[in-house]
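# Structural description and commentary
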Amino acid sequence: MGSQWSRDKVYLRAKHEGFRSRASYKLIEIQEKFAVIRRDDNIIDLGAAPGSWLQVLRTLTDGRVLGIDLNPIADIEGIETLEGDLTDPVVQKQAKEMLGTVCIVVCDAAPKLSGHKSYDQARAIALGEEALLFACNVLKPGGNFVIKSFQGADFPELLAAIQGQFYAVKTYSTKATRKGSTEIYIIAKNFKG
Ligand SMILES: C[S@@+](CC[C@H](N)C(=O)[O-])C[C@H]1O[C@@H](n2cnc3c(N)ncnc32)[C@H](O)[C@@H]1O
């Protein structure tokens, strides 16, 4: 009951502060701890709907910010959006045509859950691998990548793949993550290119 109460409090705080979802606090926390984003960075946000990370990103950089999602994202001033699948090469090409190479890719994408834990975890890792390919395709050398993942059987493989592409990689469970969740963020800095 205690955790339900605190979940509701976080949700209400997000609404009160004008964020579209509680996910906003996860990105704020990651930025405070790891200083991933700099003032002039151009940024691509994968799996960006409904848009609370985009709202936070708009306050963190004066650069261009592009949000991509399967679902439409309601307008946010100063934010560009693309409706499509991050695994689709056409979408990746469009994103590159719009912004060129960028300094930051963030990814909070998650597939729809089926309820079968190991199947869902495998799909989430597969999506993470696709997001890594996307990031490697659009990042400048020295760029940073933040991605949500889920701990489980295939997680070490994804982590190792990211470690192969970036000089500094850490994992972090945010305080805003629900208790008991396997959700974990990978903070990858300094893309080898
Ligand atoms: C947890 S939500 C993201 C919340 C977002 N960070 C925010 O702050 O509003 C996960 C999103 O990933 C998106 N998604 C899942 N698979 C995707 C894919 N293949 N391509 C693009 N978006 C995807 C879903 O549509 C969903 O909107």
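Residues numbered from 1 in each chain as written. Predicted model: local features only at pLDDT ≥ 70, side-chain atom pairs only at ≥ 80, totals over all residues. Heavy atoms only, no water.

## Details of the packing of helix α5 (residues 117–138) against helix α6 (residues 155–165)
As a packed pair, α5 and α6 sit with axes 9 Å apart at the nearest point and diverge in direction by 10 degrees. When the axis of α5 is compared with that of α6, the two are roughly parallel. Here Q121, I125, G128, E129, L132 and C136 of α5 lie close against α6, whose contacting residues are F155, E157, L158, A161, I162 and Q165. (Axes fitted to C-alpha atoms, helices over the stretch in contact; angles between N-to-C directions. Helix = DSSP H or I, 4+ residues; strand = E, 2+ residues; numbered from the N terminus. Parallel < 35°, antiparallel > 145°, perpendicular 65-115°, else oblique. Contact = heavy atoms within 4.5 Å.)

## What to know about the UniProt feature "binding site: S-adenosyl-L-methionine" in the chain
In this numbering, the UniProt entry assigns the feature "binding site: S-adenosyl-L-methionine" to G51, W53, D69, D85 and D108. With respect to the secondary-structure elements, D69 resides in strand β2 (residues 65–69). Using a relative accessible area of 10% as the deciding quantity, one classes D69 as buried. The residues touching D69, leaving out its near neighbours within four places in the chain, are G47, A48, A49, L82, E83 and G84. At 3.0 Å, the side chain of D69 and the backbone nitrogen of A48 are in polar contact. Summarising the element assignment, D108 is placed in the loop between β4 (102–107) and α5. D108 has contacts with A23, L46, G47, W53, K148 and Y185, leaving out every residue within four places of it along the chain. (UniProt positions renumbered as here; feature names shortened; annotations may be inferred. Buried < 20%, exposed > 50% of the residue type's maximum accessible area, 1.4 Å probe, protein only. Polar contact = N/O pair within 3.5 Å; in protein donor to acceptor, adjacent residues only side chain to side chain.)

## As for the environment of C107
In this fold, C107 is placed in strand β4. In the structure, C107 is positioned 40 residues away from G67 in sequence and 9.8 Å away in space, judged by C-alpha atoms. When neighbours within four sequence positions are excluded, C107 is seen to be in contact with L46, W53, A131, F145, V146, I147 and K148.

## Some points on the sheet that holds strand β5 (residues 139–150)
If you trace the seven strands from one edge of the open sheet to the other, you get β3-β2-β1-β4-β5-β7-β6, paired in mixed fashion. In this open sheet, the two edge strands, each paired with only one partner strand, are β3 (80–83) and β6 (166–172). Between one strand and the next, the sheet's axes are offset by a mean angle of 15 degrees, whatever the strand orientation. In the packing of helix α2 (residues 23–34) onto the sheet, the strands contacted are β5, β6 and β7 (183–191), and the crossing angle to β7 comes to about 45 degrees. (Pairing = 2+ DSSP bridges.)

## What about unusual backbone geometry?
Among all residues except glycine, the phi angle is most often negative; among peptide bonds, the trans geometry is most common. In this chain, A49 is followed by P50 through a cis amide linkage whose omega measures 0 degrees. Here P50 lies in the loop between β1 (43–46) and α3 (52–60). The phi torsion at A35 lies on the positive side, around 45 degrees, for a residue other than glycine. In this structure, N190 takes a positive phi of about 70 degrees despite not being glycine. Looking at the element boundaries, N190 is found in strand β7. On the basis of relative accessibility, which here comes to 36%, the residue N190 falls in the partly exposed class.

## A few points about the nonpolar core
Within the largest apolar cluster, 32 residues are counted, with the highest numbers of intra-cluster contacts made by I44, L46, I68, V105, F145 and I162. For this core, the secondary structure elements donating two or more residues are β1, β2, α4 (89–99), β4, α5, β5, α6 and β7. Here the element with the most residues in this core is α5; it accounts for seven residues. If we skip the residues at most four places from it in the chain, I44 touches L66, I68, A95, L99, V102, I104, V105, V106, F134 and V138. Formed by 28 residues, the second largest nonpolar core is a distinct cluster that contains Y25, I104, Y172 and Y185. (Core = buried A, V, L, I, M, F, W, Y, C linked by side-chain atoms within 4.5 Å.)

## As for the packing of aromatic side chains
Within the structure shown, the criterion is met by five aromatic pairs. Ring geometry for W53 and Y185: centres 5.9 Å apart, planes at 35 degrees, overall tilted. Taken together, the positions of W53 in helix α3 and Y185 in strand β7 put the pair 132 residues apart, joining distant regions of the chain. Its relative accessible area of 2% is what places W53 among the buried residues. For Y185, a relative accessible area of 0% gives the class buried. (Phe/Tyr/Trp six-rings, centres within 6.5 Å; stacked < 30°, edge-to-face > 60°.)

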